[in-house]
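Structural overview for review
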Amino acid sequence: MEATVALIAEHFNGALSPTFFELITFANKLKIVTQAKPTIVMLGEEIEEVANKATHFNGFDVIAIEVPGLASYNPETYKAVLKSFLEELKPSFVCLVQTSTGADLAPALSVKLGAACISSVQEISSESGRITFLRSVLGGKAQAVFSAMTDITVVSIQPGCFERADTGACSGNVNVSRRAYRSLRIQDLGVRPGPGCDLLLSEAKVIISAGRGIRQKQNLALLFELAAMFSRSAVGCTRPLSDSGWLNSGSQVGLSGAIVSPDLYVACGISGAQQHIAGMQGSGFVVAINTDHYAPIFNHSDVCVVCDVIEFAPELIKAIAKYRQVT
Amino acid sequence: MRILLCIKEVPETDAPIMLDQASRWIRDNNLHCYRMNRFDECAVEEAVLIKEKFPDSILDVVTVGPKRAEKILLRALGMGVDNATHILSEHTGYLSPFITASWIAKFASDKDYDLILTGVISEDNMQGQTGPMIAELLSMPCATSVIFERISYEERLIYVEREIESGARHCMKILLPALLTVQSGINKPRYPSLSKTLRAKKLRIPVICSDALLKVETRERPELIRHPSKSRQSLILEGTLSEKALELAAILDKKSLIK
Ligand SMILES: Cc1cc2nc3c(=O)[nH]c(=O)nc-3n(C[C@H](O)[C@H](O)[C@H](O)COP(=O)(O)OP(=O)(O)OC[C@H]3O[C@@H](n4cnc5c(N)ncnc54)[C@H](O)[C@@H]3O)c2cc1C
């Protein structure tokens, strides 16, 4: 039997998730090294229309499973229906995106299928027939390359690592089937919107961003002072700072906060975990200030300043003031 | 209510780390400073808060790790957890979350827990797999990345809000027993109390040898570990503080970033 790869596609309110296209890019790379045929798998209540959208631009077949009453993601229903379906399909790979849904599903599916599970994959390669997956570990301080030793592998890809690339191919077949499943132990109560990104932050040309390295709340004043040296500037932060309420959650940059792309991003006492990098990697110019020479943020910076940000910020304010006087 | 907390020690991320090419993983040595995974601290805190609401609750904590990891069990006891168990594994190198999950599930299988809590992710391996795998192995419903919970014990229900993309919240009601993985921001973990810590130090924490618990084969392995590649030029400024500041200001000015 021909080997297959199952791509679990997410959708919401009749639209494909933006990361769906990253999954397609990954699937095309996987196809080159495995020769296996990708099949898009999706679940939902009224699924046909979005299933038809999923096959555009990639030529992959879609298997859409209509589950009455499944308005949005219900972990129990997804896991149960996918298990029975994937046991029939027998794919060599099950691929997802490490979104909140993918992170919820992937480990459970791997247990159900007796598969290896490799999460937050950033690159795929193959050497003499062995397929390997690169991922960050230890907050980005190292990268590890993994391989699976099982017949089935569940892989989730890190959002933002596989750029959308339309292949322009024609559409594949869409097959809609029906399965009934009633979740007994989890009742889905819907989604409440998040705080939304601070307007100042999303429109800023310069973002001075604070991490745990600023150590005390009162040190934030220094960063606001630095930000005031620039026009159209704002102060952003990492998750631990918004968690502790030092800045409001609308100021958080990253995967679970705002995705920003200012002309200048100054990371102050930020380690550079991948969830933070995902929110600022599109910035024009990046400066990082950190006491740790090996902080991962430095790998994503144009200029690196190895020192205590609390000592450095006043010096930088003075230095910038000189330039503003000269010009 | 019986609650199990699963916690893990991780190397301190602020300090330089050493890589070990033989095991293709982070070098396990006592030069690294180890501490409790921050997301697990939130799980411990959440359990202690539940116990404040439901004083009859019994809180158990378990970790899989080397002898050294006893330190984080003491910390959890100091924060208000009742009992600790150490699943001892002197394994060095990469330990698959599936193996850890299998050991913990085996340990928990005969204990009738109403609720199991873990952190959403570990700061070293960063896969977020152990919690959902334990749930699956125990056939329990599971909610990941939980940022709010409320228990109605009479109905045997837990209401949870999962944090999803851009801070939105997915709300669900789950029948107990259940497993939750806890996201940071759900609470502010307390410092261990001195009296509780002193009391904990006198206890003998029961140790279970992981090999005696269950034999599990790993399903994936690292082929290589390396320091990360750079996505930008990473120019390092040299000199005194004020020299660095002046050089940076000059660079920003040249790029017309100062206006
Ligand atoms: C599902 C999920 C979603 C997440 N979403 C986000 C997100 O949207 N945004 C986000 O930011 N994080 C997010 N995180 C958390 C992320 O993994 C990291 O924990 C977080 O980014 C770390 O923040 P930090 O860099 O401020 O702290 P740390 O990692 O603790 O780093 C502090 C840094 O400060 C340096 N330092 C210490 N003292 C000084 C000093 N005096 N001067 C200069 N430097 C100093 C240290 O060397 C260190 O590098 C998420 C995590 C998960 C699991």
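Residues numbered from 1 in each chain as written. Chains lettered and ligands numbered in written order. Predicted model: local features only at pLDDT ≥ 70, side-chain atom pairs only at ≥ 80, totals over all residues. Heavy atoms only, no water.

**Some details on the sheet that holds strand 14 (residues 206-210) of chain A**
Which entries qualify depends on this criterion: If DSSP finds at least two bridges between two strands, the strands pair. Under the scheme used here, helices are H or I runs from DSSP no shorter than 4 residues and strands are E runs no shorter than 2 residues, and both carry numbers assigned from the N terminus. In what follows, a contact means two residues having at least one pair of non-hydrogen atoms within 4.5 Å. The axes used here are C-alpha line fits, helices contributing only the stretch in contact, and every angle between their N-to-C directions lies in the interval 0 to 180 degrees.
Taken in spatial order, the 6 strands make up an open sheet running 15(A)-14(A)-16(A)-17(A)-18(A)-15(B), and their pairing is parallel. Of all the strands in the sheet, just strand 15 (233-237) of chain A together with strand 15 (235-236) of chain B have a single pairing partner and so form its edges. Judged from the 5 bridges that link them, strand 14 of chain A and strand 15 of chain A form a sheet pairing that is parallel. Paired with A:Ile207 across the two strands is A:Ala234, which belongs to strand 15 of chain A. Lying over the sheet, helix 6 (residues 220-227) of chain A contacts strand 14, strand 15 and strand 16 (264-268) of chain A, oriented at roughly 170 degrees with respect to strand 14 of chain A. Contacting strand 16, strand 17 (285-290) and strand 18 (303-306) of chain A together with strand 15 of chain B, helix 7 (residues 241-254) of chain B crosses the sheet at an angle of about 165 degrees to strand 18 of chain A.

**Notes on the interface of chain B and chain A**
Just so we agree on the cut-off: For any pair of parts, buried area is found by adding up, for both, the accessible area (1.4 Å probe) each one loses once the two are put together. Only one rule defines a salt bridge in this text: a Lys or Arg side-chain nitrogen within 4 Å of an Asp or Glu carboxyl oxygen.
Opposite the 86 residues of chain B that make contact, chain A presents 95 residues. Around 7500 Å² of area is buried between chain B and chain A when both sides are counted, 57% of it from carbon and sulfur atoms. Remark: the boundary between chain B and chain A carries 6 salt bridges. The salt bridge involving A:Arg239 is made with B:Glu163; its shortest N-O contact spans 2.7 Å.

**Re the domain arrangement of chain A**
All names here are of chain A. The condition is simple: Domain extents, as shown, originate in an automatic or database domain assignment. We define a polar contact as two N or O atoms separated by no more than 3.5 Å, with the added condition that, inside protein, one atom must be a possible hydrogen donor and the other a possible acceptor, whereas residues neighbouring each other in sequence contribute only through side-chain atom pairs. Polarity classes work like this: nonpolar for Ala, Val, Leu, Ile, Met, Phe, Trp, Tyr, Cys and Pro, charged for Asp, Glu, Lys and Arg, and polar for all others, with Gly in that last group.
What the domain assignment reports for chain A is domain 1 (4-178) and domain 2 (200-326). Measuring from the centre of the C-alpha atoms in domain 1 to the corresponding centre in domain 2 gives 35 Å. Listed as interface residues are 9 residues of domain 1 and, on the opposing side, 9 residues of domain 2. Taken together, both faces of the contact between domain 1 and domain 2 bury some 630 Å²; the carbon and sulfur share is 45%. It is Gly-139, Lys-141 and Gln-158 that lose the most area in domain 1 upon contact with domain 2, and together they represent 56% of the buried surface on that side. Summed over the shared surface of domain 1 and domain 2, the result is 1 salt bridge. Counting across the interface, domain 1 meets domain 2 through 2 residue pairs in polar contact (both at pLDDT 80 or more). Across the side of domain 1 that touches domain 2, the residue classes tally to 1 nonpolar, 7 polar and 1 charged.

**A look at the sheet that holds strand 7 (residues 83-88) of chain B**
Spatially, 10 strands are ordered 13(A)-11(B)-10(B)-9(B)-12(B)-8(B)-1(B)-6(B)-7(B)-13(B) in an open sheet, and the strand pairing comes out mixed. For this open sheet the edge positions go to strand 13 (186-192) of chain A together with strand 13 (207-209) of chain B, each flanked by a neighbour on one side alone. Neighbouring strand axes in the sheet, compared pairwise and without regard to direction, differ in orientation by 30 degrees on average. Here strand 13 of chain A pairs with strand 11 (residues 169-175) of chain B via 5 bridges, running antiparallel. Residue A:Gln187 lies in a different strand from strand 11 of chain B, and its bridge partner there is B:Lys173.

**So, empty space enclosed by the protein**
Take a probe with the size of a water molecule and roll it over the atoms, and the empty space left behind shows itself. Residues and elements named next belong to chain B. The criterion, for reference: A cavity, in this analysis, means grid points on a 1 Å lattice covering only the protein atoms where a 1.4 Å probe fits yet has no way out; a pocket is instead an open set bounded by protein on both sides within 12 Å along at least five of seven lines, and a residue lines either one if it has an atom within 4 Å of a point. Grid points are joined across faces, edges and corners, and a volume is the space filled by probe spheres set on the points.
Tallying each qualifying case throughout the model produces 3 cavities of 30 Å³ or more. Counted as a void, the largest cavity has a volume near 720 Å³. The wall of the largest cavity is formed by 39 residues, among which Lys-8, Glu-9, Val-64, Thr-100 and Asp-124 lie closest to the centre. Broken down by secondary-structure element, the contributors of at least two residues to the lining of the largest cavity are strand 1 (2-7), strand 2 (9-11), strand 4 (25-26), strand 6 (58-65), helix 3 (97-108), strand 8 (115-119) and helix 4 (130-137). Its residues assigned to classes, the lining of the largest cavity comprises 15 nonpolar, 17 polar and 7 charged. In this structure, the second largest cavity encloses a volume near 50 Å³.

**Topic: the packing of aromatic side chains**
All names here are of chain A. Note the threshold: Stacked, edge-to-face and tilted labels apply to pairs of Phe, Tyr and Trp rings (six-membered ring for Trp) whose centres lie within 6.5 Å, assigned for plane angles under 30 degrees, over 60, and everything in between, in that order. A 1.4 Å probe rolled over the protein chains alone gives each residue an accessible area, and that area as a share of the maximum for its type sets the label: buried under 20%, exposed over 50%, partly exposed in between.
Summed over the entire model, instances satisfying the criterion amount to 10 aromatic pairs over all chains. Where Phe-93 meets Phe-133, the ring centres are 6.2 Å apart and the plane angle is 65 degrees; that geometry is what we call edge-to-face. In this pair, Phe-93 is assigned in strand 6 (residues 93-97) and Phe-133 in strand 9 (residues 130-137), connecting sequence segments 40 residues apart. Like Phe-93, the residue Phe-133 is buried in the burial classification.

**Things to note about the nonpolar core**
Test applied: Among the buried residues, those of types Ala, Val, Leu, Ile, Met, Phe, Trp, Tyr and Cys that are joined through side-chain atoms within 4.5 Å form a nonpolar core.
A:Leu82, A:Leu86, A:Val94 and B:Leu4 are the most contacted members of the largest nonpolar core, which totals 48 residues. Considering every element that reaches this core, the biggest residue donor is helix 3 of chain B, with 8 residues. If we ignore the near neighbours within four places in the chain, the residues touching A:Leu86 are A:Ala6, A:Pro91, A:Val94, A:Leu109 and A:Leu113. In this structure, A:Phe26, A:Met42, A:Ile118 and A:Phe146 belong to the second largest nonpolar core, which totals 43 residues.

**A short note on the site of the ligand**
Our working definition: Near is defined per residue: the residue qualifies when any heavy atom it owns lies within 4 Å of the molecule or strand.
Residues in contact with the ligand amount to 30 residues; listed here are only the nearest, A:Arg212, A:Thr238, A:Ser256, A:Ser271 and A:Asn290. The local environment of the ligand is shared, drawing residues from chains A and B. Interatomic distance of 3.4 Å between a backbone N/O atom of A:Gly257 and an oxygen atom of the ligand. At a separation of 2.9 Å, an oxygen atom of the ligand approaches a polar side-chain atom of A:His276.

**Let's talk about the pairing of strand 9 (residues 142-152) of chain B**
Residue and element names in this part refer to chain B. For strand 9, a buried count of 8 out of 11 residues is recorded, marking the element as mostly surrounded by other parts of the structure. Both strand 9 and strand 12 (residues 178-182) contribute to a ladder of 3 bridges, which runs parallel. Looking at strand 12, one finds that Val-146 is bridged to Val-182. Where strand 9 meets strand 10 (residues 157-163), 6 bridges bridge the pair, whose relative direction is antiparallel. If you follow Arg-150 over to strand 10, its bridge partner there is Tyr-159. Between strand 9 and strand 10, which follow one another and run antiparallel, lie 4 residues, and Arg-156 among them has a positive phi close to 55 degrees.

**As for the layout of surface pockets**
Residues and elements named next belong to chain A. Taken as a whole, the second largest pocket encloses approximately 490 Å³ of empty space. Taken together, 27 residues line the second largest pocket, and the ones lying closest to its centre are Gln-122, Gln-143, Cys-161, Gln-281 and His-300. Listed by contribution, the elements that provide at least two residues to the lining of the second largest pocket are helix 1 (20-34), strand 8 (123-127), strand 9 and helix 8 (274-280). Considering every element that reaches the lining of the second largest pocket, the biggest residue donor is helix 8, with 3 residues. Residues that form the lining of the second largest pocket fall into these classes: 9 nonpolar, 14 polar and 4 charged. Shared between two domains, the lining of the second largest pocket holds at least three residues of each, these being domain 1 (4-178) and domain 2 (200-326).

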